[in-house]
Amino acid sequence: MFSIHHIDADMALGLKTAKITSNSCHCGIALTSLKLPKKCFALGIIRDNQIILSSAEPIIWCEDDILAVALSAASVPELKFALNKRHPVHYSSQECPIKNLNTSDREPFNSCYKDGYKLL
């Protein structure tokens, strides 16, 4: 487990946020499943003006903001790149398919590999 007491005084922290859009590769996966660079951690998401900690294992929806931290200033650009990973195409749907499902219908899936989207 990571503890803030183990951070050296010389270590610079980089807190980053990323807005999840309809063409994000992260839409539909669990926050704890994100592939982040070494020494980078997802802290939680902001949804509907509330912070949901990663320990709650939330599923990422469109319009969420991901909160993440890099424990080294050198890792910040790589973290920013990882958080902003997008599909190379735009989808015709302007609505997040995850957000519009009933709570009982929600199940984790990675939208990078989900079929059924129409290309523009």
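Numbers given to residues run from 1 along each chain, matching the order in which its sequence is written. Only residues with pLDDT of at least 70 are given local features in this predicted model, and only at 80 or more are side-chain atom pairs given and counted; all residues enter the totals for whole chains, interfaces and linings. To obtain the side-chain values, all non-hydrogen atoms of the structure were used and water was disregarded.

Draft legend 1. Looking closely at helix H1 (residues 76-83). Relative accessibility decides the category of a residue: with a 1.4 Å probe and only protein chains considered, values under 20% of the type maximum give buried, values over 50% give exposed, and everything between is partly exposed. Think of it this way: any DSSP run of H or I at least four residues long counts as a helix, any run of E at least two long counts as a strand, and we number them from the N terminus. Along H1, the positions that sit buried rather than exposed are Val 76, Leu 79, Ala 82 and Leu 83. One face of H1 carries all of its buried residues, which in axial projection span an arc of 125°. In H1, the exposed residues that point more than 90 degrees away from the buried face are Pro 77 and Phe 81. This arc is built from the directions going out from the helix axis to the C-beta atoms.

Draft legend 2. A look at the nonpolar core. To qualify as a nonpolar core, a set must consist of buried Ala, Val, Leu, Ile, Met, Phe, Trp, Tyr and Cys residues joined through side-chain atoms within 4.5 Å. One finds Leu 31, Leu 34, Ile 60, Ile 66, Leu 79 and Leu 83 to be the most contacted residues of the largest nonpolar core, which totals 17 residues. Of all the secondary-structure elements, those providing two or more residues to this core are strand S2 (40-47), strand S4 (65-70) and H1. Every residue pair with non-hydrogen atoms within 4.5 Å of one another is taken to be in contact. In this structure Leu 34 touches His 26, Ile 29, Ala 42, Ile 60, Ile 66 and Leu 83, once residues within four positions along its chain are discounted.

Draft legend 3. Broad picture of the confidence of the model for the protein. Known as pLDDT, the predictor's per-residue confidence is scaled from 0 to 100. With 63% of its residues at a pLDDT of 70 or more, the protein has an overall mean of 76. Between the elements of the protein, mean pLDDT differs from a low of 90, seen in strand S1 (residues 14-19), to a high of 96, seen in strand S3 (residues 50-53). Per-residue pLDDT stays below 50 along residues 1-5; that stretch engages in three contacts with residues further than four places along the chain or on separate chains. Per-residue pLDDT stays below 50 along residues 103-120; that stretch engages in 32 contacts with residues further than four places along the chain or on separate chains.

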